[in-house]
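The lines below spell out each chain.
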Amino acid sequence: KNFDLIIETFNKLGLQLKIYGSGPLEFYLKSVAKNNVEFLGKVTDDEMAALYTGAKAFILAQKDEDFGMTAVEAMSYGTPIVAYKGGGYLESVVEGKTGVFFDELNPESLSKAIQGLSRLSIKPFDCITQAKKFSKARFVKEMLHFVSSHAQIKV
């Protein structure tokens, strides 16, 4: 998921970064992180909600993300996104309205996107509204409509 890229970028910028979760690269990532990077380990749903709510942005640098549910999850709390311009992020993040993209997987490109986001005034309401487009309730409603409108036998 390119956490090493994110950490390297935040090390250079000197900005605070919080990382939740754990995995096989955790020891290595901790070894390259400076004091501005905090590893939180596993968090509860309530703790994650508080992190999203208080965040200036949620950073995503995975190159081949199919959909990017974490982007939608973060936006549902009003948190803007900084994401690699590819994969499913292109479906869920609206450039300049709910977040910004970076084109290359390097610290310079990510830094430029982070700085670009800081010059925007993204509204939490817009992020929440965008996230609702991917809600379970909307999916069920539209699927039922699709099936009923294409069914051979009307019920």
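Above this note sits the structure.
On a predicted model such as this, the values are computed, not experimentally measured, just so you know. Each chain carries its own residue numbering, running from 1 in the direction its sequence is written. Owing to the predicted nature of the model, reporting of local features is limited to residues with pLDDT of at least 70; listing and counting of side-chain atom pairs is limited to 80 or more, with chain, interface and lining totals taken over all residues. To obtain the side-chain values, all non-hydrogen atoms of the structure were included, while hydrogens and water were left out.

J.: Pulling in residues and values, what's your account of the packing of aromatic side chains?
T.: Two aromatic rings are characterised by how far apart their centres lie and by the angle between their planes. Between the rings of Phe, Tyr and Trp (Trp by its six-membered ring), a pair exists once the centres lie within 6.5 Å; its type follows the angle of the planes, with under 30 degrees stacked, over 60 edge-to-face, and the other angles tilted. In the structure shown here, the tally under the stated rule is five aromatic pairs. Pairing Y20 with Y52 gives two aromatic rings, centres 6.3 Å apart and planes at 90 degrees, and the pair type is edge-to-face. Pair noted here: Y20 is in strand 1 (residues 17-20) and Y52 is in helix 3 (residues 45-54), with a separation of 32 residues, a long-range link. Think of it in three bands: residues with accessible area under 20% of the maximum for their type are buried, residues over 50% are exposed, and the middle band is partly exposed, with areas taken using a 1.4 Å probe on protein chains only. Judged by relative accessible area, which is 26%, Y20 ranks as partly exposed. The interplanar angle of 25 degrees and the centroid separation of 5.5 Å between the aromatic rings of Y52 and Y77 together place this pair among those described as stacked. Of this pair, Y52 sits in helix 3 while Y77 sits in the loop between helix 4 (69-75) and strand 4 (81-84), and the two are 25 residues apart along the sequence. Ring-pair connections join several aromatic residues into one group, and the members of that group are Y20, Y52, F58 and Y77. We count a stretch as a helix when DSSP gives it H or I for four or more residues in a row; a strand needs E for two or more, and each element gets its number in order from the N terminus.

J.: Any details on the pairing of strand 5 (residues 99-102)? Residues and values, ideally.
T.: The alternating pattern of strand 5 places G99 and F101 and V100 and F102 on opposite faces, both of which are buried. Between any two strands, pairing holds if DSSP finds at least two bridges. With four bridges connecting them, strand 4 and strand 5 associate as parallel partners. When the sheet's bridge partners are listed, A83 is paired in strand 5 with F101.

J.: Account for the sheet that holds strand 3 (residues 58-60), with residues named and values stated.
T.: Spatially, three strands are ordered 3-4-5 in an open sheet, and the strand pairing comes out parallel. Pairing within the sheet leaves two strands with one partner each, and these edge strands are strand 3 and strand 5. Averaged over all pairs of adjacent strands, the angle between their axes in this sheet comes to 15 degrees, without regard to strand direction. The sheet contact formed by strand 3 and strand 4 spans three bridges and is parallel. Residue pairing for strand 4: F58 is matched across the bridge by I81. Should any heavy atoms of two residues lie within 4.5 Å, those residues are considered in contact. Whenever a helix is involved, its axis is fitted only over the stretch in contact; in every case the axis is a line through C-alpha atoms, and angles between N-to-C directions fall within 0 to 180 degrees. Where helix 6 (residues 107-118) meets the sheet, its contacts fall on strand 3, strand 4 and strand 5, and the angle it forms with strand 5 comes to roughly 160 degrees.

J.: Go over helix 7 (residues 124-132) with me, naming the residues and quoting the values.
T.: Three or more residues of helix 7 are buried, namely D126, C127, Q130 and A131. Relative to the axis of helix 7, the buried residues are bounded by an arc of 135 degrees and lie together on one face. Opposite the packed face of helix 7, turned more than 90 degrees from it, sit the exposed residues F125 and K132. Note: the arc covers the axis-to-C-beta directions of the helix.

J.: Hey, could you go over the pattern of salt bridges for me, with residue numbers and the actual values?
T.: One side-chain nitrogen of Lys or Arg within 4 Å of one carboxyl oxygen of Asp or Glu is enough to make a salt bridge. Applying the stated rule across the entire model yields two salt bridges. The partner of E8 in a salt bridge is K12, and the shortest N-O contact between them spans 3.4 Å. Of the two residues, E8 and K12 are both situated in helix 1 (residues 3-13); the distance of four residues between them amounts to about one turn of the helix. K12 gets classed as exposed once you look at its relative accessible area, which sits at 55%.

J.: Outline a negative patch on the surface, listing residues and values.
T.: Judged by side-chain charge, D45, D46, E47 and E73 come together as a negatively charged surface patch. Among the elements that make up the negative patch, the one with the highest residue count is helix 3 (three residues). Considering the arrangement of structural elements, one finds D45 in helix 3. Only residues whose relative accessible area exceeds 30% and that take part in no salt bridge are eligible for patches, with like-charged residues grouped when within 9 Å of each other and nonpolar side chains (Val, Leu, Ile, Met, Phe, Trp, Tyr) grouped when within 5 Å. Residue-level accessible areas treat just the shown protein chains as cover; the underlying method is Shrake-Rupley with a 1.4 Å probe. When charges are counted, neither His nor the chain ends are considered; positive counts come from Lys and Arg and negative counts from Asp and Glu. Where a charge lies is defined by one atom per residue type, namely NZ (Lys), CZ (Arg), CG (Asp) and CD (Glu).

J.: Go over the packing of helix 1 against helix 6, please, and point to the residues and values.
T.: Two elements in contact, helix 1 and helix 6, have axes whose closest approach is 9 Å; the angle formed by their N-to-C orientations is 65 degrees. Helix 6 is crossed by helix 1, and the crossing has right-handed handedness. Contacts from L5, I6, E8, T9, F10, K12 and L13 of helix 1 reach helix 6 at P107, E108, L110, S111, I114 and Q115. When residue character is reported, Ala, Val, Leu, Ile, Met, Phe, Trp, Tyr, Cys and Pro are called nonpolar, Asp, Glu, Lys and Arg charged, and the others, Gly included, polar. Residue composition of the contact of helix 1 with helix 6, grouped by class: seven nonpolar, three polar and three charged. Here is the rule for handedness: rotate from the far helix to the near one, and if that takes an anticlockwise turn smaller than a right angle the crossing is left-handed, while a clockwise turn gives right-handed.

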